[in-house]
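Geometric and topological summary
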Amino acid sequence: MSPEQRDGIRQAVGNPKLQLALYSATARLLEKRLEAVSSRQLPSYQQLREQAHQLKRHTLDHLDHYIVEFESNVIAHGGKVVFAQNGEEAADFVLGLAHAKGASLIVKSKSMTTEEIRLNERLEHHKLAVVETDLGEYIIQLAGERPFHIIAPAVHKTRQDIAGIFQKELGVARDEDPEHQAMIARKTLREKFLTAGIGISGANFLVADSGAVVLVENEGNIRLCTTAPRVHVAVAGIEKLIPRAQDLAVFLKLLGRSATGQPLTAYTSFLSGPRRLGEVDGPDEFYVVLLDNGRTRLLADPDKRQSLYCIRCGACLNVCPVYRKIGGHNYPWAYSGPIGAIITPQYLGVTKDPWLPFASSLCGACAEVCPVKIDIPKILLDLRKEVIERSPGFSTSAEKSAFRLYAWLMKRPKLYALAAAAGRRLARLPFAGKVGPAAKWARERELPVPAAKSFRQLWRERPPRTNQ
Amino acid sequence: MSSREAFLEGVRKALGRKSGQPVPAPPSPLLSIPAITPAALITMFQQRLEALGGVFHLVATQEQACRQVETIVGNGPAVASNNGVLVKAGITSLAGVQSGFLEEAALREACTNAAFGITGADYAMAETGTLVLFSSPAEARLISLLPPVHIALVAASRLLTGIDELAAIAPNPAGLGSSMVLITGPSRSADIEMILVRGVHGPRAIHVIVLEEESRIP
C-alpha cells in the first residue's frame, strides 16, 4: 500500500463527519433492503437468487452466442453494435460520432462502466463538454471527485458542502435546502438535455432476444438522456447480457430491492433501437458499445468467472465492515467494496494493489446479501493465494515465520494451551498494544480484551450432558 | 480480421468455445402469477401508488374521466398524447390541452412549457403501483417526462398483477415499440443526505385515472 493510500484511509477513519454519513447511509439502505427481501414481502427471494445465478452462469458460459444474438437483434431494429477492446476504442468511437454529428455537448447518465474507462476525461481532453445528469453524480462532477458509492455517489457530501459547490460552480445564491438544491440542478440540467447532441448511458442489462438496453433509475435523467438527444450511445460491458426479456422479471425484482429496498425503481426503460416509423420522438440513432477491457481475462478463469455475474446493486458495500469504515474513495479503482476488492485485481492484475484482497475480515456478509450469489469470500481467498505466489515481497519473512510458528503450535495441544494462557496474560498488561507488532495494529483500533476463560476451560467446565 | 471478429474470437477463446458451437437451452423462465380478483387488483394498485406519493382516481365512464382531467389541469397548459382513448373521452378537446403532435420540435416546445402531460398506459401493475407505456405514433415519450405533472388514463381491464404477468403477456416488448418504460411513482432522488426529493428530472406528481368501463376501450 502506498503512503498516499495509507493516509487516505487514516483520514477517512479519523473523520467523524464522514463516518457518521457513511454509517447512517449504509445502515438505512441495508434496513430497507432487509425489509424488501423479507419472506413477507418477497417469499420467493431465495428461489429468485438461485435463478439469477443460474441465468448469469448460463449466459456467461456461452457469451459468444449471446453477443451475436444481441447484435443481430439490435441491427434488426435499426441500431448498431460497436465492439471496443478497451476504453480508448470506446472513447474513439464516441469522438468520431461527435465529430460526424457536430455535437459539442454530451449529456450522460450515471454509469460505472464509463467511470471504469474514464470516458469523461478522454472526451473532455478533446474539448467535448460532458455533463453528468444524475443529481449525485452531477454534484461529484462539479466538485471534481469520483463516486463514493455505486448507487449513492455523493453520499459523503453534506447539504452545506453542496450549497458551497453550487454557489462556486454555478454562481447561484447559497442555499442549504436539499429540495431547492435539487431544483437548481433540474433547471440547469433541463437546458443541457434539450440542447445536447448525444446522450450517453450505461446499461443495467442487455437483452439478447430483443437487442434491448435496460436501464433503471429514480430521477428521470436516464430517460431524458436516452430520449431528448438525436443520438443515444449505451456503453456496456459484455457481462451485462441476459438471454430473454422474460428474465427481467427475475433480475428487476432483485436489483431494486437489493440496492435501495424498492420493489421497482421509479423508471425502468427497455430501449430497443432508434425511434420507429411514425413515432414522434426518441433518438434517430442508437448505438451499443460493447466493452471488453479485461473482461475476457475473467471469463477465461472458470472459478472466478462468477465475478462477472454482478448486477451492481451495491448491497455488498453497505454490509461490508471494511467499506463502512474506509469509504469508496480508498479503493484503488472505480469499483469499491467487496465487489471492487475481487474485480479490481482481476482486471488490473493482482500485483498492482496486492493488499486489496486482504482488506477483508472474510466475515461473509457480502456473499449473504449478494442477489446473484457470487461467492466473494472464496474469490478473495483465491486472490490472496495468487498475491502470495506472484508478489514475492508482499508477505514479510516475519509474517511467514509467525504463521509457521502458529502451524507448529496448532499441532501440539499442550504447548498451544500454554502459549494461549501466556498470550491472555500479556494482552491484559497495561502496556499491551503499545509495544511490538500489536502497537502497529492497535494504532487505529482498540485491542480487544481476551475473555476471562479460554474455550478449552469452558469446555472442561461444561455441565454433563443428560440423555432425555 | 475485423475488430468485430477479433472481439468475438477473444470471447470464444476465453470460454474454450468454437464459432457456431451449439448452446443448451437457458434455465426456463421463472414466472408466477397469483390469482387476484379484479376488485382486489384495483385496491392493491391504489395502495401501492399512494404509498409512492401518486394520486389515484377511479371513474366509471369516459365522461367522468374527462371531468377528472379537467379538475386536475384547470386551464392548463397541458399536452395530451394522440392516444385514441384520450380523444374519445374528449380530453384532447379540453380548454388548455394541446394534442395531435406529429412532429418532434413542436411537441418538445409544448412539453417544455406544459404544466401537465396526459397519456394513456398500455398496462398497470398492481403489485408495484406501476404504469407500463410503450412508445408508438399515439404515445410520445416526452409527454410523461418533461411536464412537472403526469396524468395517465388506464382501463381497469389493463390492470395486471405484476411484472411476471407483464413478462407473460408481452414476452417480446421490442416488437411493440422502440421504448417500453415502467413508471413507478413520481421522479425521486435521495442523493443529498438520503433525503427524499420528488421531481428531480421527471414529474414531481403523478395522477392515475383508472377507467372501469371496459367495453368502450379498444
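Residues numbered from 1 in each chain as written. Chains lettered and ligands numbered in written order. Predicted model: local features only at pLDDT ≥ 70, side-chain atom pairs only at ≥ 80, totals over all residues.

1. With respect to the overall build of chain B
Along its length, chain B carries six helices and 12 strands. If one aligns the C-alpha atoms of chain B with their principal axes, the spans along those axes are about 65 × 45 × 45 Å. Counting the 218 residues in chain B, one finds 52% classified as buried. In chain B, the proportion of contacts linking residues at least 24 apart, taken out of those at least 6 apart, comes to 72%. (Helix = DSSP H or I, 4+ residues; strand = E, 2+ residues; numbered from the N terminus. Buried ≥ 20, exposed ≤ 12 C-beta atoms within 10 Å, placed from the backbone. Contact = placed C-beta atoms within 7 Å.)

2. As for the overall build of chain A
Scanning chain A from terminus to terminus reveals 22 helices and 10 strands. Dimensions of chain A along its principal axes, counting C-alpha atoms only, are 85 × 55 × 50 Å. By residue count, 48% of the 468 residues in chain A fall in the buried class. Taking all contacts inside chain A whose residues are at least 6 apart in sequence as the whole, residues at least 24 apart take part in 73%.

3. Quick word on the pairing of strand 9 (residues 267-271) of chain A
Working note: regular strand, side chains alternate between the two faces of the sheet. The buried fraction of strand 9 of chain A is high, at five of five residues. Neither face of strand 9 of chain A is left uncovered, since the one carrying Tyr267(A), Ser269(A) and Leu271(A) and the one carrying Thr268(A) and Phe270(A) both have all their residues buried. As paired elements, strand 6 (residues 212-217) of chain A and strand 9 of chain A share five bridges and run antiparallel to each other. Across the sheet, the residue bridging to Glu217(A) is Tyr267(A), located in strand 9 of chain A. In this structure, strand 9 of chain A lies alongside strand 9 (residues 179-184) of chain B, joined through five bridges in antiparallel fashion. By the bridge assignment, Tyr267(A) is partnered in strand 9 of chain B with Ile183(B). (Pairing = 2+ DSSP bridges.)

4. Remarks on the interface of chain B and chain A
Each side of the interface is counted separately: chain B has 59 residues, and chain A has 75 residues. For the side of chain B that touches chain A, the secondary-structure elements that each account for two or more residues are helix 1 (3-15), helix 5 (104-113), helix 6 (163-169), strand 9 and strand 10 (188-189) of chain B. Sorting elements by how many residues they give to the side of chain B that touches chain A places helix 1 of chain B first, with nine residues. Residue composition of the side of chain B that touches chain A, by class: 33 nonpolar, 17 polar and nine charged. (Nonpolar A, V, L, I, M, F, W, Y, C, P; charged D, E, K, R; others polar.)

5. Notes on unusual backbone geometry
Residues Gly76(B) and Pro77(B) are joined by a peptide bond in cis, for which omega reads 0 degrees. Checked against the element boundaries, Pro77(B) lands in the loop between helix 3 (62-73) and strand 2 (78-80). Phi at Lys127(A) is positive, roughly 70 degrees, even though this residue is not glycine. Locating Lys127(A) in the fold gives a position in the loop between helix 7 (119-125) and strand 3 (129-132). Since 8 C-beta atoms lie within 10 Å of it, Lys127(A) is described here as exposed. Located in the positive-phi region is Asn293(A), a residue other than glycine, with phi close to 50 degrees. Within the element layout of this structure, Asn293(A) appears in the loop between strand 10 (285-291) and helix 13 (295-299).

6. Notes on the nonpolar core
Counting 193 residues, the largest nonpolar core has Val289(A) and Leu290(A) as its most contacted members. Ranked by residues supplied to this core, first place goes to helix 12 (residues 248-260) of chain A with eight residues. (Core = buried A, V, L, I, M, F, W, Y, C linked by C-beta atoms within 7 Å.)

7. What to know about the packing of helix 2 (residues 16-36) of chain A against helix 12 of chain A
Packed helix pairs are characterised by how far apart their axes lie and by the angle those axes make with each other. Contact geometry for helix 2 of chain A and helix 12 of chain A: axes closest at 6 Å, N-to-C directions at 145 degrees. Residues Leu29(A), Lys32(A), Arg33(A) and Ala36(A) of helix 2 of chain A lie in contact with helix 12 of chain A, whose contacting residues are Arg257(A), Ser258(A) and Thr260(A). (Axes fitted to C-alpha atoms, helices over the stretch in contact; angles between N-to-C directions.)

8. Observations concerning the sheet that holds strand 2 (residues 105-108) of chain A
Residues and elements named next belong to chain A. The strand order 1-10-7-4-2-3 describes an open sheet built from six strands, whose pairing is parallel. The sheet is open, and its two edges are formed by strand 1 (80-84) and strand 3, each paired on a single side. For this sheet, the mean angle separating the axes of adjacent strands, direction not counted, is 25 degrees. Here strand 2 runs beside strand 3; their pairing, made up of four bridges, is parallel. Considered in strand 3, the bridge of Val-107 is made with Val-131. Across the face of the sheet, helix 5 (residues 87-101) comes into contact with strand 1, strand 2, strand 4 (198-201), strand 7 (231-237) and strand 10 while running at roughly 180 degrees to strand 7.

Scope: geometric values only; no functional claims are made or implied.
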